[in-house]
Amino acid sequence: MRLELVKRPQRSMLFSALSPFIAFALTVVAGAILFALLGINPLTAFYTYFISPITEVWQLHELAIKAAPLILIAVGLSVCFRSNIWNIGAEGQFVFGAIVGSVVPVLYPEMQGPFVLPLMLLMGMVGGAVYAAIPAFLKTRFNTNEILTSLMLVYVAQLFLDWLVRGPWRDPKGFNFPQTVQFNPSAVLPELMPMSGRANLGFVFALVAAVLVWILMSRMLKGFEIRVLGSSPRAGRFAGFSFNRMVFFAFMLSGALAGLAGISEVSGAIGQLQPSISPGYGFTAIIVAFLGRLNPLGIVAAGLVLGLTYLGGEAAQSVLGISDKVARVFQGMLLFFVLGCDTLIHYRIRLVGLAPAPKLDASPKLEEAN
Amino acid sequence: MGGTVSAQEAAASLLEVRGLTKVFGTLTACDHIDLTIEKGEIHALLGENGAGKSTLVKMLFGSLEPHSGEIRWDGQPVRMTSPSVAKKLGIGMVFQHFSLFEALTAAENIALSLDDGAPIGSIAAKARALSYSYGLPLDPDSLVGDLSVGERQRIEIIRCLLQAPQLIILDEPTSVLTPQEADKLFETLERLRAEGKSILYISHRLEEVKRLCDRATVLRHGKVVGHCNPREETAASLARMMVGNEVKSAERTPITLDGAQELLSVCGLSRKPAGPFSMPLKNIWLSVKAGEILGIAGVAGNGQGELFEALSGEVQQTSADAVRIRGKDAGKLDITGRRLLGAAFVPEERLGHGAAPRMKLSENLLLSRYATDGKAFVGSGGMVKSGAVYEAAQRIVRIMDVRKSAPDPEAAALSGGNLQKFIVGRELDRQPTVMIVNQPTWGVDAGASAHIRQALIELARGGSAVLVISQDLDELFEISDAIAVMHNGELSKPIPIAEATFERIGLLMGGAAPGHVYQKLETA
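Residues numbered from 1 in each chain as written. Chains lettered and ligands numbered in written order. Predicted model: local features only at pLDDT ≥ 70, side-chain atom pairs only at ≥ 80, totals over all residues. Heavy atoms only, no water.

For this particular structure, what's the right way to read the overall build of chain A?
Check the secondary structure of chain A and you find 14 helices and two strands. In summary, chain A has a C-alpha radius of gyration of 23 Å against a globular reference of 21 Å for 370 residues, a match within 12%. With respect to the principal axes defined by its C-alpha atoms, chain A has extents near 85 × 60 × 35 Å. In chain A, buried positions account for 51% of the 370 residues. If you sum the accessible surface of chain A, you get close to 17000 Å²; carbon and sulfur atoms cover 69% of it. Across chain A, the 25 positively charged side chains and the 17 negatively charged ones have centroids separated by 11 Å. (Helix = DSSP H or I, 4+ residues; strand = E, 2+ residues; numbered from the N terminus. Rg over C-alpha atoms; globule rule 2.2 N^0.38 Å. Buried < 20%, exposed > 50% of the residue type's maximum accessible area, 1.4 Å probe, protein only. Areas by Shrake-Rupley, 256 points an atom, 1.4 Å probe, with all protein chains shown as cover. Lys, Arg positive; Asp, Glu negative; His and termini not counted. Charge placed at Lys NZ, Arg CZ, Asp CG, Glu CD.)

Got a minute to help me understand the overall build of chain B in this structure?
The number of helices and strands found in chain B is 19 helices and 21 strands. Overall, chain B is about 75 × 60 × 40 Å in size when its C-alpha atoms are taken along their principal axes. Here chain B holds 524 residues, and the buried ones make up 55% of them. Within chain B, counting contacts between residues at least 6 apart in sequence, those at least 24 apart form 65% of the total. Here chain B displays about 21000 Å² of accessible surface, and carbon together with sulfur accounts for 52% of that area. With 56 positive and 63 negative side-chain charges, chain B shows a separation of 4 Å between the mean positions of the two kinds. (Contact = heavy atoms within 4.5 Å.)

What is the right way to look at the nonpolar core in this model?
A general tendency of soluble globular proteins is for nonpolar side chains to be buried together. If you look at the biggest cluster of nonpolar residues, it comprises 204 residues, and the most contacted ones within it are Phe-35 and Ile-73 of chain A together with Leu-189, Tyr-201, Met-435 and Ile-505 of chain B. Of the residues forming this core, the biggest block, 14 residues, is contributed by helix H3 (residues 57-82) of chain A. Ranked by size, the runner-up nonpolar core spans 33 residues in total, among them Leu-263, Ile-325, Ile-335 and Ala-484 of chain B. (Core = buried A, V, L, I, M, F, W, Y, C linked by side-chain atoms within 4.5 Å.)

Explain the pairing of strand E17 (residues 434-438) of chain B to me, please; I cannot follow it from the model alone.
Consecutive side chains of a regular strand alternate in pointing toward one face of the sheet and then the other. Residues and elements named next belong to chain B. A large share of E17 lies buried, amounting to five of its five residues. Here E17 shows a buried face lined by Val-434, Ile-436 and Asn-438 and a second buried face lined by Met-435 and Val-437. Where strand E16 (residues 343-346) meets E17, four bridges bridge the pair, whose relative direction is parallel. Across the sheet, the residue bridging to Ala-343 is Val-434, located in E17. As paired elements, E17 and strand E18 (residues 465-469) share five bridges and run parallel to each other. Along E18, the bridge assignment pairs Asn-438 with Ile-469. (Pairing = 2+ DSSP bridges.)

So what exactly am I meant to see when it comes to the layout of surface pockets here?
The method is simple in principle: a probe with the dimensions of a water molecule rolls over the atoms, and the space it marks as empty is what remains. Residue and element names in this part refer to chain B. Its boundaries defined by the atoms lining it, the second largest pocket holds a volume of some 330 Å³. Lining the second largest pocket are 14 residues; nearest its centre among them are Leu-257, Glu-292, Ala-482, Pro-494 and Pro-496. Sorting elements by how many residues they give to the lining of the second largest pocket places strand E12 (residues 281-289) first, with three residues. Of the residues assigned to the lining of the second largest pocket, the class counts are nine nonpolar, one polar and four charged. (1 Å grid on protein atoms, 1.4 Å probe; cavity = no way out; pocket = protein on both sides within 12 Å on 5 of 7 lines; lining within 4 Å. Points joined across faces, edges and corners; volume = space filled by probe spheres on them. Nonpolar A, V, L, I, M, F, W, Y, C, P; charged D, E, K, R; others polar.)

Hey, could you run me through the side chain of Ser-278 of chain A in this one?
Residue and element names in this part refer to chain A. Position of Ser-278 relative to the elements: it lies in the loop between helix H11 (243-270) and helix H12 (281-291). Take Ser-278: its relative accessible area is 13%, and that puts it in the buried class. Within the structure, Ser-278 has its side chain in polar contact with the side chain of Glu-91 (distance 2.9 Å). Discounting residues that sit within four places of it in the chain, Ser-278 has contacts with Glu-91 and Phe-94. (Polar contact = N/O pair within 3.5 Å; in protein donor to acceptor, adjacent residues only side chain to side chain.)

Even after reading the chapter, I still don't get the packing of helix H15 (residues 416-428) of chain B against helix H16 (residues 446-461) of chain B, so can you show me in this structure?
When two helices pack together, their arrangement is given by the angle between the helix axes and the distance between those axes. Residues and elements named next belong to chain B. Contact geometry of H15 with H16 gives a least axis separation of 10 Å together with a crossing angle of 10 degrees. When the axis of H15 is compared with that of H16, the two are roughly parallel. The residues of H16 that touch H15, namely those facing Gly-417, Gln-420, Lys-421, Val-424 and Leu-428, are Ala-448, Ile-452, Ala-455 and Leu-459. Here the residues of the contact of H15 with H16 are counted per class, giving six nonpolar, two polar and one charged. (Axes fitted to C-alpha atoms, helices over the stretch in contact; angles between N-to-C directions. Parallel < 35°, antiparallel > 145°, perpendicular 65-115°, else oblique.)

Would you mind going over the packing of aromatic side chains with me for this structure?
In this description, a pair of aromatic rings is defined by centroid distance and the angle of the planes. Inspection of the entire model under this criterion finds 23 aromatic pairs over all chains. Three or more aromatic residues link up through ring pairs in this structure, and these residues are Phe-24, Phe-35, Phe-46, Tyr-49, Phe-50 and Phe-330 of chain A. Directly above the ring of Tyr-134 of chain B sits Arg-191 of chain B, whose terminal nitrogen or CZ lies 4.8 Å from the centroid. When the ring centre of Phe-238 of chain A is taken as origin, the NZ or CZ atom of Arg-339 of chain B, which lies over that ring, is 4.7 Å away. (Phe/Tyr/Trp six-rings, centres within 6.5 Å; stacked < 30°, edge-to-face > 60°. Lys NZ or Arg CZ within 6 Å of the ring centre and 35° of its normal.)

When you look at a nonpolar patch on the surface in this model, what are you seeing that I'm missing?
On the surface, Leu-14, Phe-15, Leu-18, Phe-21, Ile-22 and Leu-26 of chain A cluster together into a nonpolar patch covering about 560 Å² of accessible area. The class of Phe-15 of chain A is partly exposed, set by a relative accessible area of 44%. (Patch = residues over 30% accessible without salt bridge, like charges linked within 9 Å, V, L, I, M, F, W, Y side chains within 5 Å. Salt bridge = Lys/Arg side-chain N within 4 Å of Asp/Glu carboxyl O.)

How should I be thinking about the confidence of the model for chain B in this particular structure?
Low-confidence regions, as indicated by low pLDDT, have predicted coordinates that should not be scrutinised in detail. Residues and elements named next belong to chain B. When pLDDT is averaged along chain B, the result is 85; 93% of the residues meet or exceed 70. In the model, residues 1-10 has pLDDT below 50 throughout and makes 14 contacts with residues more than four positions away in sequence or in other chains. Ignoring residues within four places in sequence, the model shows residues 514-524, a span with pLDDT below 50, making 18 contacts including any to other chains. (pLDDT = per-residue confidence, 0-100.)

Is there a simple way to explain the sheet that holds strand E1 (residues 13-24) of chain B in this structure?
Sheet strands pair via backbone hydrogen bonds, and the direction of the pair is either parallel or antiparallel. All names here are of chain B. Pairing is antiparallel in the open sheet, where four strands are placed in the order E2-E1-E4-E5. The outermost strands of the open sheet, each flanked by one partner alone, are strand E2 (27-38) and strand E5 (76-78). Mean inter-strand twist for the sheet, computed between neighbouring axes without regard to direction, equals 25 degrees. Alignment of strand E4 (residues 68-73) against E5, held across three bridges, turns out to be antiparallel. When the sheet's bridge partners are listed, Ile-71 is paired in E5 with Val-78. Seen against the sheet, helix H2 (residues 53-60) touches E1, E2 and E4 and runs at an angle of roughly 120 degrees to E1.

In structure tokens:
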């Protein structure tokens, strides 16, 4: 016996829309089994995981803090993925943007004033974009696989940050802790509603970026160019669009947004550079992008859901005493079910026996009308 | 399904097919097909592109499995689960698209398809003997990459004959041959028939079917619409059966081109081959004047695709004056630059080249028009005026009579002919000064073909220059004012339509005629 995927003649619009929700429901079911096996009442676990982190206003602020970088990065990634460019290195662009954006507050702490913060944000975006241009250059010049190059550059960026905060950028008065000086007040991203919680401008950036990229992709010629080249490169060339230019555009746009997320995280939520500035936002954002169906507006909702898994993981650790790595397990399961549901929208599964059937009415082949 | 055929009746026929059905998704490609092939006959399978001919023979050859129906071989029910089952029974197939390794010799290619592990030397000797005895001379030691299309087809035929089949299926064998090569093939087929072998001959060329075949089965939209004796029919009556209604041919008014302005000129265009087996372009000269349609004939793979890419600007030239559009140097312009000079292009491949399959018709309109109609379709700041694009797409749909199931469907949802009408209409809508079309009606049904051809003639008579690259000689004779022939990357001098005959063009297509290129012509 073997399983085969058979292409469906047409996609169901209903299930296309329902797919993210079905995937989420399946994740919950699989999670319940997981908790039961760990000896924890699934209802208690789910309450701790998904409900308790958002019962008070300050907690909603925390959710916005977690969701903001996810949304920013995923919106950029959606442009890459729509153009069939597989940028897996957003985590590296996030880190590198944070490093470049931190040059001013770390090396020139005496520079203060209203211009400092915009300058930092701009430098963060430029840093992320330049870092993302490396795999774009390698792909267009040497035809390298961008999945590998962009992923490997993540580790380069992380180790570079590690070296900086332990070496040249270490705070001399920091008791030898591996971290930079605390950013001065004019280098800190302002909070939105300081009275009720910590959420900062980063969440606003995320929403604005989502709307702008949505307009770009669905209403503008540039977005059309990206979609054409992504879906049929030869037709794109016939249209007169340049594939190489588009590779740079997609990589640098997503790099700039990841860099903006990085500097926003450092200047907002953390306030200084330290060896680790991201709990894997750049990778989780890949899940966010697909859960949001590569639509910037869907990504806002998906970013909030995935942000919740981070908070739930922390809560589960403190209340239930289980590892916060459970959050990663949840994220992994969610991606698995999202991709699974999407596949089943386009294909159906067929069971095939190995022994030849005696009658003529079977057609056990993966086939397509030509 | 007719399962009640008596044993005696069935035993008389070599192959009998009853109620064969194949469904792809929602499309019923073959719908209860009945077909009987007797021993020692050449049986024609007629039908337009998309009528289900290829699907039917793939089921007979075991590369597709039917959903329902039965196949009887010598009266015995059989199940064709794979091509090797079909080969063991005695069915051989020569495909329209060859399956040969270009980097291997003819004998090596033949050896690959025989499972008996015989030494290559003896296979080569057998192949050589067989090929000469059937009048299809073949050198088994030659490299396939160096052979012409006609010679490659011989390898396929010899490979098939070596397995001593009772039934040989030929899928559109003459579509890649010159008229002279085709004559040679017909002689071979008649000899095979005389030896008692059966041939299933798939074609949409009615004249050759009338000449060669004993019986014909006509398919339309996946159904059998009739069996007949093609010798008792006229080409027109066969066409009516295939298409379902009367087919009118395009009307071409004569024109004098003296003093007309030269709108497209190509001067000494050469291009190195892009890959090991792609064709270089060698010193090509041509010129198309206002009001003229120049046809470029040639057997597939002689550089037509390369020429189209060079003219469209998808591949640019090293010297700016190698291609001139409306008197301006265009050799170093990209496709957008050439469009802005007034040129329009329709490539051979519809899905994936001329149109993006998963995009709507309106978006596919924008694909080739966003620069030339920038004011109408693109607003300030690069915003697409989707309303205006949609209106223009609907206008083209109306003018070209594009049939579709939704207001603005994806390109892939249209049939080949309707999509081609849209793509041609998209360019005509601009009133281009220079129009370059590769295979305008390839795979398009007769009605749509006539529409497209008439539209091209009207564009030319309105004062534009039209260049049509096609492998369909009937089409070129129908619409061209002059025909030039591509062979081996070289282009012949154009022959005015009044002096052109099938024979003359056919000789040029085979590269056999002296004076193929300009220089040769001068010394001849």
